[in-house]
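Structure assessment
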Amino acid sequence: MTATPATLQALRRALDAGEVSSSELVEAALARAEATRATLNAFIGLRPEPARAAAAEADARRARGEGRGPLDGLPVAIKDNMVQAGDPATCASRILEGFVAPYTATAVERLEAAGAIVVGRTNMDEFAMGSSTEHSTAGPTHNPWGPQRTAGGSSGGSAVAVAAGLVQGALGSDTGGSIRQPASFCGVVGLKPTYGRVSRWGLVAFASSLDQIGVFARSAADAAWLLEAIAGHDPKDSTSLPEPVPCYADALDGDVSGLVLGLPREYFVEEGVDPGVLSAVRSAVAELERGGAEVREVSLPHTHAAIATYYLLATAEASSNLARYAGVRYARPAEGSVGLTDMYQRTRSEGFGSEVKRRILLGTYVLSAGYYDAYYRKAQQVRTLLRRDFEQAFQNCDVIVTPTSPEVAFPLGSKTADPLRMYLSDVYTVSANLAGIPGVSIPCGFESGMPVGLQLLGRPLEEAALLRVADAYQRRTDFHLRPPPEPT
Ligand code: GLN
């Protein structure tokens, strides 16, 4: 396929011009998802009937001249850790087999209120723990740019669904990089908003102080539409922020002149980073400089401690959040259990995969009486230092620019036996979650035929600044519009 892949904006125009109907778009998305099930495995579950009904309604609304705005009638996907009333939500885990959601996540509800049509739930690492979408009951997702490569993770299914044009927009969740890293591996835009910008109501919790719902799209302009639809205060999530949601599309004026980009010294060390990734990122920075941006070196001195801090805090929170899957309120009790303790043990032993068990064990250890001060408390203190690093750096720049990942998509199976190596794929992404700041990954080139991602980090609630830079870059380049080879 050589045609320029569709964007939400292009489909909007086609709908408005009467060139296509919402029903046709939904049929095409469903058909493409089915046709690539074996090759890409992007979806865990499709919802053809509700999607077709919603498309018919959207077409009727448009015919009456009552369209709901830019996303009305456009097919999208959600990650399988967001609930939608009447549908399963498995988190790619055996333990949630048979669960049917009794309510709908706020972000999903808002997408639907804007007229977007959820065609299915995408593949992921179990409970969003992972960097490759290989830890899934549904089997691994494949990268459309290289079928023997991972899609990244944990939101790999959403990244692939957009990269391969099954849909043009999708939701993911990012606890330590799970939107930005797969976006980088698959050559799409992935935006993690400020902590609290999007409600977490209805997002299955992994590490509550880090989890954030965000968006996948092909262009910054499309991401702006999606973010605007889902952002904003929600009384059901006490950590959601009350600040009004700006019109993100208004920020996309193509102008970055005078904007100061900060390059953190600690992220541009040759050691541990693929030289091809570094050179693509440097070229992107040069392109933005030609657009009028100013470039400065900044320092984030505690970067070396970010991975350790993240994996202490994330596992501690996970061990507590996942206690609810025990066969009583959640999870079907294991068959043949004798007594309560036996039921807990069997249900959890049979229901959780190995990575989830590893995290629960680590987290329980970190929180145990003898080690709490040495690990959990210490990690909280380092988290404060990491947050201060960013506050300092943002006194000298407007947007921080880094690689999203130290390497391009790695081969399937190459890291599953070595969890520590897998954890290191998150070196450039976890700090934003620890500090609560927004980040976006955008495609900025290729290395060995695989996409490279450029990460932009911003001050709290400055998603608009990130989108402006991303959009300005996309006006000057076409990496985001290059389609992957058609899956065979
Ligand atoms: N890869 C990281 C982890 O395994 C981040 C996951 C995420 O952001 N959900 O914890």
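Below: a short report on this structure. As the structure is a computational prediction, the values presented were derived from the model and not from experiment.

1. A short note on the overall build of the protein
- Helix and strand counts for the protein come out as 15 helices and 13 strands.
- Relative to a compact globule of 488 residues, whose C-alpha radius of gyration would be 23 Å, the protein shows 21 Å and is just as compact.
- The principal-axis extents of the C-alpha atoms in the protein amount to approximately 65 × 55 × 45 Å.
- Burial analysis of the protein (488 residues in total) assigns 59% to the buried set.
- Once local pairs closer than 6 in sequence are excluded, the contacts in the protein between residues at least 24 apart make up 76%.
- As displayed, the protein offers around 17,700 Å² of accessible surface, 53% of which is attributable to carbon and sulfur atoms.
- Here the protein holds 45 positive side-chain charges and 54 negative ones, and the gap between their average locations is 3 Å.

2. Digging into the site of the ligand
- The immediate surroundings of the ligand are formed by 15 residues, with T175, G176, S178, Y310 and R359 found nearest.
- Within the backbone of G130, one N or O atom sits 2.9 Å away from a nitrogen atom of the ligand.
- T175 is positioned with one of its backbone polar atoms (N or O) 2.7 Å from an oxygen atom of the ligand.
- Contact with the protein chains covers 100% of the free accessible surface of the ligand, which is 290 Å².

3. Focus on the side chain of R383
- Along the chain, R383 turns up in helix α12 (residues 372–393).
- A distance of 2.8 Å separates a polar side-chain atom of R383 from the backbone oxygen of L434.
- Discounting residues that sit within four places of it in the chain, R383 has contacts with S209, L210, T309, L313, E317, N433 and L434.

4. Some remarks on the packing of helix α2 (residues 22–35) against helix α3 (residues 48–63)
- The interhelical angle for the contact between α2 and α3, taken along N-to-C directions, is 155°, at an axis separation of 8 Å. Between α2 and α3, the interaxial angle falls into the category roughly antiparallel. Packed against α2, whose contacting residues are S22, S23, V26, E27 and L30, the element α3 presents P48, A51, R52, A55, A56, A58, D59 and R62 at the interface.
- Here the contact of α2 with α3 is composed, by residue class, of seven nonpolar, two polar and four charged.

5. Describing the nonpolar core
- With 126 residues, the main nonpolar core has F127 and L171 as its most contacted residues.
- No other element matches helix α7 (residues 220–230), which puts nine residues into this core.
- Of all hydrophobic cores here, the second largest spans 28 residues; its members include A42, F43, V119 and A161.

6. A look at the side chain of S219
- Within the fold, S219 resides in the loop between β8 (213–217) and α7.
- Relative accessible area serves as the criterion here: at 9%, S219 is assigned to the buried category.
- Among the polar contacts listed, one links the side chain of S219 to the backbone nitrogen of D222, at a separation of 3.0 Å.
- Ignoring sequence-local partners within four residues, the contact set of S219 consists of V189, Q474 and H480.

7. Here's the deal with the environment of A31
- Take A31: it is sitting in helix α2.
- For the pair A31 and A280, spaced 249 residues apart in sequence, the C-alpha separation works out to 35 Å.

8. Quick notes on helix α5 (residues 156–163)
- Among the eight residues that make up α5, eight are buried, leaving the element largely enclosed by the rest of the structure.
- Of the positions making up α5, those classed as buried are G156, G157, S158, A159, V160, A161, V162 and A163.

9. Examining empty space enclosed by the protein
- Under the definition given, this model contains one cavity of 30 Å³ or more.
- Here the largest cavity defines a volume of roughly 70 Å³.
- The wall of the largest cavity is formed by 14 residues, among which A128, G130, S178, Y310 and D426 lie closest to the centre.
- Class assignment for the residues of the lining of the largest cavity results in five nonpolar, seven polar and two charged.

10. Examining the pairing of strand β6 (residues 169–173)
- Among the five residues that make up β6, five are buried, leaving the element largely enclosed by the rest of the structure.
- The alternating pattern of β6 places G169, L171 and S173 on one face and A170 and G172 on the opposite face, and all of these are buried.
- Where β6 and β8 come together, five bridges link them in antiparallel fashion. Bridge pairing links A170 to F216 in β8.

11. Focus: α3
- Compared with an ideal rise of 1.5 Å per residue, which puts 16 residues at 22 Å, α3 spans 22 Å between its outermost C-alpha atoms and is within 8% of the ideal.
- The set of residues buried in α3 consists of A51, A55, A58, D59 and R61. Seen end-on, α3 carries its buried residues on one side only, within an arc spanning 160°. Among the exposed residues of α3, those oriented more than 90 degrees off its buried face are E49, E57 and A63.
- Summarising the contacts, the buried residues of α3 are in contact with α2 and β3 (117–122).
- Just downstream of α3, G65 is the residue with a positive phi angle, here 75°.

12. Let's talk about the packing of aromatic side chains
- Taken as a whole and assessed by the stated rule, the structure comprises 17 aromatic pairs.
- Considering the side-chain rings of Y325 and Y330, the 5.7 Å spacing of their centres and the 55° angle between planes classify their relative orientation as tilted.
- Of the residues examined, Y325 reaches a relative accessible area of 4% and is grouped as buried.
- Residue Y330 is classed as partly exposed on the basis of its relative accessible area of 27%.

13. Describing the pattern of salt bridges
- Counted according to the given criterion, the structure contains 26 salt bridges.
- Here R346 makes a salt bridge to D342, at a shortest N to O gap of 3.1 Å. Here R346 pairs with D342, and both are found in helix α10 (residues 340–351), just four residues apart, close to one helical turn.
- Notably, a salt bridge pairs D373 with R377, separated by 2.7 Å at the nearest N-O pair. Taken together, the residues span about one helical turn, with D373 and R377 both in helix α12 at a distance of four residues.
- Where salt bridges share partners, they join E27, E49 and R52 into one cluster.

Reading the values: the criteria
- Residues numbered from 1 in each chain as written.
- Predicted model: local features only at pLDDT ≥ 70, side-chain atom pairs only at ≥ 80, totals over all residues.
- Heavy atoms only, no water.
- Helix = DSSP H or I, 4+ residues; strand = E, 2+ residues; numbered from the N terminus.
- Rg over C-alpha atoms; globule rule 2.2 N^0.38 Å.
- Buried < 20%, exposed > 50% of the residue type's maximum accessible area, 1.4 Å probe, protein only.
- Contact = heavy atoms within 4.5 Å.
- Areas by Shrake-Rupley, 256 points an atom, 1.4 Å probe, with all protein chains shown as cover.
- Lys, Arg positive; Asp, Glu negative; His and termini not counted.
- Charge placed at Lys NZ, Arg CZ, Asp CG, Glu CD.
- Near = heavy atom within 4 Å.
- Polar contact = N/O pair within 3.5 Å; in protein donor to acceptor, adjacent residues only side chain to side chain.
- Axes fitted to C-alpha atoms, helices over the stretch in contact; angles between N-to-C directions.
- Parallel < 35°, antiparallel > 145°, perpendicular 65-115°, else oblique.
- Nonpolar A, V, L, I, M, F, W, Y, C, P; charged D, E, K, R; others polar.
- Core = buried A, V, L, I, M, F, W, Y, C linked by side-chain atoms within 4.5 Å.
- 1 Å grid on protein atoms, 1.4 Å probe; cavity = no way out; pocket = protein on both sides within 12 Å on 5 of 7 lines; lining within 4 Å.
- Points joined across faces, edges and corners; volume = space filled by probe spheres on them.
- Pairing = 2+ DSSP bridges.
- Expected span 1.5 Å × (residues − 1).
- Arc of directions from axis to C-beta.
- Phe/Tyr/Trp six-rings, centres within 6.5 Å; stacked < 30°, edge-to-face > 60°.
- Salt bridge = Lys/Arg side-chain N within 4 Å of Asp/Glu carboxyl O.

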